[in-house]
Amino acid sequence: MAVLETVVIAFWAMIPAYVPNNAAVLGGGGQPIDGGRTMGDSRLLGDGKTWRGTAAGIAAGLVLAGVLTVLAEDVSDVLGFAVPEFAPLAAVGLAAGAMLGDILASFLKRRTGRQRGAMFPGLDQLDFVVVSLPLTALLAPDWFREWFSPAVILVIVVLTPVLHVTTNMIAYKLGLKNEPW
């Protein structure tokens, strides 16, 4: 597999996991998942993790997976190599795994004394990858093995922090985020 092909497949395969956290920011608000409960002196998750935001994020990832599946054949023809069509359970694993990773990261931030929006290098950039990939492998193992070669996973681990920082800086400049990380 050529380098460009590997990068394109990595990006295409991860779009349903890349978008949910951004969609959650835009569609969020409402009742916090933790209902205001605490553990020790801090909230379990905080006000930033809401049911509505989580649902919006998962829905956005699923819709994008559907759109990408419809486009995959034509895009593959143009590129000269195949890009993934998303099996339903693969789409669920990627989108829901991304949101679950973000929720777990929030839980870890609260346990380490970090406030909402505080930086946690490494965790902030890869939380959704660390959960979405194993969940997808569990839910759609054949699909996962077909598309996530070691080279593709390596590109994801390297590319994702760069994309994450870049999109967060853009959202900050547009006033959609309070912090540039």
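Relevant structure appears above.
It should be emphasised that the depicted structure is a prediction, and the values quoted were computed from it without experimental measurement.

Novice: What's the story with helix α2 (residues 20-27) in this structure? I'm lost.
Specialist: Listing the buried residues of α2 in full gives P20, N21, A23 and A24. One side of α2 carries all its buried residues, which in axial view fall inside an arc of 160 degrees.

Novice: I keep staring at the environment of P141 and nothing clicks. Help me out?
Specialist: One can find P141 in helix α6 (residues 141-147). Each C-alpha atom of the pair P141 and A90 lies 8.5 Å from the other, and the pair is 51 residues apart in sequence.

Novice: Is there a simple way to think about the packing of helix α1 (residues 3-18) against helix α3 (residues 51-79) in this case?
Specialist: Two quantities define a packed helix pair, namely the angle between the axes and the distance from one axis to the other. Two numbers describe how α1 lies on α3: the axes approach to 8 Å, and their chain directions differ by 155 degrees. With respect to α3, the axis of α1 lies roughly antiparallel. Of the residues in α3, those in contact with V8, W12, I15 and P16 of α1 are G61, L64, A65, L68, L71, A72, V75 and L79.

Novice: In this structure, what is going on with the environment of A10? I would like to understand it.
Specialist: Tracing the backbone through its elements, the reader meets A10 in helix α1. We classify A10 as buried; its relative accessible area is 0%. Considered as a pair, A10 and V83 are 73 residues apart in the sequence and their alpha carbons are 9.2 Å apart. Beyond its immediate chain neighbours, meaning those up to four positions away, A10 contacts V152, V155 and I156.

Novice: So what exactly am I meant to see when it comes to the pattern of salt bridges here?
Specialist: Pairing of side chains with opposite charge becomes possible as their charged atoms draw close. This model, assessed by the stated rule, comprises four salt bridges. K49 is paired through a salt bridge with D102; the nearest N and O atoms lie 2.7 Å apart. With K49 in the loop between β2 (42-43) and α3 and D102 in helix α4 (residues 88-111), the pair connects residues that are 53 residues apart, well separated along the chain. Accessibility expressed as a relative area gives 18% for K49, which makes it buried. Where D142 meets R145, a salt bridge forms, and the shortest distance between an N and an O atom there is 2.5 Å.

Conventions adopted
Residues numbered from 1 in each chain as written. Predicted model: local features only at pLDDT ≥ 70, side-chain atom pairs only at ≥ 80, totals over all residues. Heavy atoms only, no water. Buried < 20%, exposed > 50% of the residue type's maximum accessible area, 1.4 Å probe, protein only. Helix = DSSP H or I, 4+ residues; strand = E, 2+ residues; numbered from the N terminus. Arc of directions from axis to C-beta. Axes fitted to C-alpha atoms, helices over the stretch in contact; angles between N-to-C directions. Parallel < 35°, antiparallel > 145°, perpendicular 65-115°, else oblique. Contact = heavy atoms within 4.5 Å. Salt bridge = Lys/Arg side-chain N within 4 Å of Asp/Glu carboxyl O.

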